[in-house]
Amino acid sequence: MCRMCLGFNSKPNDAMYIFYNDWSKTNIDGFGYWCETTGKKQHVLKSPHIEAFKTHKGIRQFMLHCRQKTSGDKKGNGNGNEQHPFISEDGRYLLTHNGCLYGEEGLRKHLKHNGHKFISHVDSEVLLHHFETYLRNHDGKITFEGAKKWMETLNSFHVFGTLNAILFDRYTRDWIAISEGSIWLLQ
């Protein structure tokens, strides 16, 4: 089971709490969220084990993810580095991904060679660094056409599999959701 959620909910704490309860009852080995409250304060919780759910007042936007690991440390020994959402090295982009990528090892090597630092062995982090590199080379702005071209570049590295992802640009406030080739852009 893997679930992602992107929200602009009038009662986000309720939705986040439901997600948390679902995760803690099914012993899913990864749960994480990012939220922004009134006044643009941002909070991240990445929990490899059951940890007290932290509520925040005035949540305006949020991104949630709970999952059964398909890559990385499947024993749950991680320190939260393998939990979603992943945050780009410069802190600008957030990504959460549902699915399993194959053939990502070559792309990971390429990204490391070009200076990216990885904090996990999770395929989703490869997506984030690749997306970050693509945007850096194409004016940094998330666009529908850019997301399409970015997905096509994955093919050139022979990466395939399930691509359901939510990306957020913390500077421009743009969201993009990708699900099996469909793309939604929220600006």
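In this text, all values refer to a predicted model and were calculated from it rather than measured experimentally.

Student: What exactly am I supposed to notice about the packing of helix H2 (residues 104–113) against helix H3 (residues 123–136) here?
Tutor: Any two packed helices are characterised by how steeply their axes cross, that is the angle between the axes, and by the distance between the axes. For the pair H2 and H3, interaxial distance at closest approach is 10 Å and the crossing angle is 50°. In terms of orientation, H2 lies oblique with respect to H3. Along this stretch, H2 crosses H3, giving a crossing that reads as left-handed. Residue-level contacts link Glu 104, Leu 107, Arg 108 and Leu 111 of H2 to Asp 123, Val 126, His 129, His 130 and Thr 133 of H3. For the contact of H2 with H3, the class distribution of residues is three nonpolar, three polar and three charged.

Student: I tried to follow the packing of aromatic side chains on my own but got confused; where do I start?
Tutor: Aromatic rings in a pair are described by how distant their centres are and how their planes are angled relative to each other. Evaluation of the coordinates by the stated rule reveals six aromatic pairs. Ring geometry for Trp 34 against Phe 168: centres 4.9 Å apart, planes inclined by 40°, an arrangement best described as tilted. A residue pair is termed long-range when its members are at least 10 positions apart, and Trp 34 in strand S2 (residues 30–37) and Phe 168 in strand S9 (residues 164–169) qualify at 134 residues. Trp 34 sits in the buried class, given a relative accessible area of 0%.

Student: What exactly am I supposed to notice about the pattern of salt bridges here?
Tutor: Side chains bearing opposite charge may pair, as long as their charged atoms lie close to each other. Scanning all chains against the criterion turns up five salt bridges. The salt bridge partner of Glu 36 is Arg 173, with a shortest N-O separation of 2.4 Å. Within this pair, whereas Glu 36 is found in strand S2, its partner Arg 173 is found in the loop between S9 and strand S10 (175–179), the two being separated by 137 residues in sequence. Here Arg 173 falls in the partly exposed class, since its relative accessible area comes to 22%. Of the charged contacts in the structure, one is a salt bridge between Arg 92 and Asp 169, with a shortest N-O distance of 2.8 Å. Taken together, the positions of Arg 92 in the loop between strand S5 (86–87) and strand S6 (93–98) and Asp 169 in strand S9 put the pair 77 residues apart, joining distant regions of the chain. Across this residue pair, the class does not change: Arg 92 and Asp 169 are buried.

Student: Help me out: how do you make sense of the nonpolar core in this one?
Tutor: The tendency in soluble globular proteins is for nonpolar side chains to be buried side by side. Ranked by internal contacts, the top residues of the largest apolar core, which has 26 residues, are Leu 127, Phe 131, Trp 150, Leu 163, Ile 176 and Ile 178. Here the element with the most residues in this core is H3; it accounts for six residues. The contacts of Leu 163, once residues within four sequence positions are left out, are His 97, Leu 127, Trp 150, Met 151, Leu 154, Ile 178, Ser 179 and Glu 180.

Student: Explain the sheet that holds S9 here, please?
Tutor: Adjacent strands of a sheet pair through backbone hydrogen bonds, lying either parallel or antiparallel. The five strands are arranged S5-S6-S9-S10-S11 in an open sheet whose pairing can be described as antiparallel. Each edge of the sheet is formed by a strand with only one pairing partner; in this case those strands are S5 and strand S11 (182–186). One ladder, built from six bridges, connects S6 with S9; its direction is antiparallel. Of the residues in S9, the one forming a bridge with Thr 96 is Ile 166. Taken strand by strand, H3 contacts S5, S6 and S9, and its axis lies near 140° from that of S6. Lying on the sheet, helix H4 (residues 144–156) is in contact with S10 and S11; it crosses S11 at an angle near 145°.

What counts and how
- Residues numbered from 1 in each chain as written.
- Predicted model: local features only at pLDDT ≥ 70, side-chain atom pairs only at ≥ 80, totals over all residues.
- Heavy atoms only, no water.
- Axes fitted to C-alpha atoms, helices over the stretch in contact; angles between N-to-C directions.
- Helix = DSSP H or I, 4+ residues; strand = E, 2+ residues; numbered from the N terminus.
- Parallel < 35°, antiparallel > 145°, perpendicular 65-115°, else oblique.
- Left-handed = near helix turned anticlockwise from the far one by under 90°.
- Contact = heavy atoms within 4.5 Å.
- Nonpolar A, V, L, I, M, F, W, Y, C, P; charged D, E, K, R; others polar.
- Phe/Tyr/Trp six-rings, centres within 6.5 Å; stacked < 30°, edge-to-face > 60°.
- Buried < 20%, exposed > 50% of the residue type's maximum accessible area, 1.4 Å probe, protein only.
- Salt bridge = Lys/Arg side-chain N within 4 Å of Asp/Glu carboxyl O.
- Core = buried A, V, L, I, M, F, W, Y, C linked by side-chain atoms within 4.5 Å.
- Pairing = 2+ DSSP bridges.

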